[in-house]
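What the coordinates show
Listed below are the residues making up each chain.
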Amino acid sequence: MAQQTLNKGDHAGMPNDNPLNDITGPLARLDDRRITLEQLRTFVAVAHNLDFQQASSDLSRSQSAITQGLQKLEDILACRLIERRRGQVADLTVDGKRLLPLAEEILARLSAAVESFRQPALQGRIRLGVPDDFPIGNIVTAIRRCMETNPALRVEVTSALSSELGIRYQNRELDIIIHKRSAQTGEALISDAKAAQKHTTLLHRQPLLWVCAQSLALPITGDIPLITFPDGCAYRAAALRALEQQGLSHFNAYRSASYQNIRTAISTGLGIGILPLGAIADDHMALNDQGLLPALPDIELVMTFNRENSLLNQFSHQLLLNTDFARARAA
């Protein structure tokens, strides 16, 4: 009987069914063991800032170390990750945009795993409220990661307008709420202002803009056709306050609690909407600098919970560790 020759990694008497063993050419030389976490951190920092100097400052490393680390990662992957122009970062390449969420996921999972060993495992039930009219994709991802590293933890998420979240929090139906408020007025949703201030953390702040479709004919004569969320939304309240102060009339051209529906209605040219800077789509146009409408305040995203509760404190810490609220924007 002829002796069977085994390829490296084969089981005796079994065919080699690993497709990677048949790869030839450049891909055969790819080895994920050569990619370091420091290289991934370098790439993510450069991708977020689109600036070598700022990435260097964020990571407390020299600019030459940043550029060398990025170059090494590109060499290993055999592709360009950023577009360079005169030695500066112009943008991410197609491959860079493909790698970014994967690298972020790897680093976030590592951070969550390390954090889980620094404190006792979380256990119990947490009722979390998040705003309807805010893109919360990476918040939900952070919640999932937190429950993965804390199997005995149960997080129940409720989505509603900020005003409703405030009411439910006061009625003790929710333990933590993430909600929006006008930076100009700083209005609190909680009746006890001192308690609200003590237990509230600012997550992110960005400009609030009048927005319309690029195809919409301007200026508009007569009543302003508003595309807004229902009563109780901080965007809507700020816009109506600004219009009233200027004596400008309006009508509700479209109203919805759906974040994506609002953006779609704006894109179709149905009227003028009010959105934060991070939510503007490619086919939208901001009107704030055109002198057509009154100024709007910045909008703040904040988190409120009882800091004296150790479970809520630890959970909020893990949530903040795994969520970049400055980059929470619509797809």
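Described in the following lines is the structure provided in the data block. (Residues numbered from 1 in each chain as written. Predicted model: local features only at pLDDT ≥ 70, side-chain atom pairs only at ≥ 80, totals over all residues. Heavy atoms only, no water.)

Describing the overall build of the protein chain
Each helix and strand counted, the protein chain has ten helices and eleven strands in total. When each of the 331 residues of the protein chain is scored for burial, the buried share is 41%. (Helix = DSSP H or I, 4+ residues; strand = E, 2+ residues; numbered from the N terminus. Buried < 20%, exposed > 50% of the residue type's maximum accessible area, 1.4 Å probe, protein only.)

A look at the packing of helix H1 (residues 37-49) against helix H2 (residues 52-59)
Helix packing geometry: the angle between the two helix axes and the distance between the axes. H2 packs onto H1 with a crossing angle of 130 degrees between their chain directions and a minimal axis gap of 8 Å. What the angle tells us is that H1 and H2 run oblique. By crossing handedness, the relation of H1 to H2 is classed as right-handed. Within the contact between the two elements, H1 uses Arg-41, Thr-42, Ala-45, Val-46 and Asn-49 and H2 uses Phe-52, Gln-54, Ala-55, Asp-58 and Leu-59. (Axes fitted to C-alpha atoms, helices over the stretch in contact; angles between N-to-C directions. Parallel < 35°, antiparallel > 145°, perpendicular 65-115°, else oblique. Left-handed = near helix turned anticlockwise from the far one by under 90°. Contact = heavy atoms within 4.5 Å.)

Quick notes on the packing of aromatic side chains
Under the definition given, this model contains two aromatic pairs. Between Phe-229 and Tyr-235, the aromatic rings sit 5.9 Å apart at their centres with planes inclined by 65 degrees, giving edge-to-face as the arrangement. For the pair Phe-229 and Tyr-235, a shared accessibility class is recorded, and that class is buried. Here Phe-229 and Tyr-259 contribute two aromatic rings whose centre-to-centre distance is 6.2 Å and whose plane-to-plane angle is 25 degrees, an arrangement assigned as stacked. Taken together, the positions of Phe-229 in the loop between strand S7 (224-228) and helix H8 (234-246) and Tyr-259 in helix H9 (residues 259-267) put the pair 30 residues apart, joining distant regions of the chain. Each member of the pair Phe-229 and Tyr-259 is classed as buried. One aromatic cluster in this structure is built from Phe-229, Tyr-235 and Tyr-259. (Phe/Tyr/Trp six-rings, centres within 6.5 Å; stacked < 30°, edge-to-face > 60°.)

With respect to the pairing of strand S5 (residues 176-182)
Counting buried residues in S5 gives seven out of seven residues, a clear majority hidden from the surface. Two strands pair when backbone bridges link them, and strand S3 (residues 124-131) and S5 are joined in this way by two bridges, in the parallel orientation. Its bridge partner being in S5, Gly-129 is matched across the sheet by Ile-177. The sheet contact formed by S5 and strand S11 (residues 298-305) spans seven bridges and is antiparallel. Within S11, the position partnered with His-179 by the bridge is Val-302. (Pairing = 2+ DSSP bridges.)

Here's the deal with the packing of H1 against helix H3 (residues 63-77)
The interhelical angle for the contact between H1 and H3, taken along N-to-C directions, is 110 degrees, at an axis separation of 9 Å. In terms of orientation, H1 and H3 fall into the roughly perpendicular class. Contacts between H1 and H3 involve Gln-39, Leu-40, Thr-42, Phe-43 and Val-46 from the first element and Ile-66, Gly-69, Leu-70, Lys-72, Leu-73 and Ile-76 from the second. Of the residues contributing to the contact of H1 with H3, the split by class is seven nonpolar, three polar and one charged. (Nonpolar A, V, L, I, M, F, W, Y, C, P; charged D, E, K, R; others polar.)

A look at H9
All of the buried residues in H9 are Tyr-259, Ile-262, Arg-263, Ala-265 and Ile-266. Within H9, the buried residues cover an arc of 160 degrees as seen down the axis, which keeps them to one side. Elements in contact with the buried residues of H9: strand S6 (200-213), S7, strand S8 (250-255), strand S9 (272-276) and strand S10 (284-286). Positive phi shows up at Gly-269, right after H9, with a value of about 85 degrees. (Arc of directions from axis to C-beta.)

Section: helix H10 (residues 310-321)
Taking 1.5 Å per residue as the helical rise, H10 with its twelve residues ought to reach 16 Å, and the 17 Å between its terminal C-alpha atoms agrees with that figure. Inspection of H10 places Leu-311, Leu-312, Phe-315, Ser-316, Gln-318 and Leu-319 among the buried residues, and these make up the whole buried set. Buried residues of H10 fall within an arc of 165 degrees about the axis and therefore sit on the same side. Backbone nitrogen of Leu-311 and a side-chain oxygen of the N-cap are separated by 3.0 Å at the start of H10; the cap is Asn-309. (Expected span 1.5 Å × (residues − 1). Polar contact = N/O pair within 3.5 Å; in protein donor to acceptor, adjacent residues only side chain to side chain.)

Some details on the nonpolar core
Among the nonpolar cores identified, the biggest contains 30 residues, and Leu-208, Trp-210, Tyr-235, Ile-272, Ile-274, Leu-293 and Leu-296 are the most heavily contacted of them. Counting residues per element, the ones that place at least two in this core are S6, S7, H8, H9 and S9. Per-element accounting of this core gives the leading share, six residues, to H8. Residue contacts for Leu-208: discarding those within four places in its chain leaves Tyr-235, Ala-238, Ile-274, Leu-275, Pro-276, Asn-288, Leu-296, Pro-297, Asp-298 and Ile-299. Among the nonpolar cores identified, the runner-up in size contains 20 residues, and Ile-126, Val-130, Cys-146 and Leu-319 belong to it. (Core = buried A, V, L, I, M, F, W, Y, C linked by side-chain atoms within 4.5 Å.)

A word on the pattern of salt bridges
Between side chains of opposite charge, a pair can form as their charged atoms come close. Counted by the stated rule, this structure contains 16 salt bridges. Close ionic contact of Glu-105 with Arg-144 constitutes a salt bridge, the shortest N to O distance being 3.7 Å. Highlighted residues: Glu-105 in helix H4 (residues 94-118) and Arg-144 in helix H5 (residues 137-149), separated in sequence by 39 residues. Overlapping salt bridges, with partners in common, bring together Glu-105, Arg-144, Arg-145 and Glu-148 in one network. (Salt bridge = Lys/Arg side-chain N within 4 Å of Asp/Glu carboxyl O.)

Here's the deal with the side chain of Arg-263
The residue Arg-263 is located in helix H9 in this model. One buried charge, Arg-263, has no salt-bridge partner; the nearest side chain with opposite charge is Asp-283, at 6.8 Å. Within the structure, Arg-263 has its side chain in polar contact with the backbone oxygen of Ala-279 (distance 2.9 Å). (Lys, Arg positive; Asp, Glu negative; His and termini not counted.)

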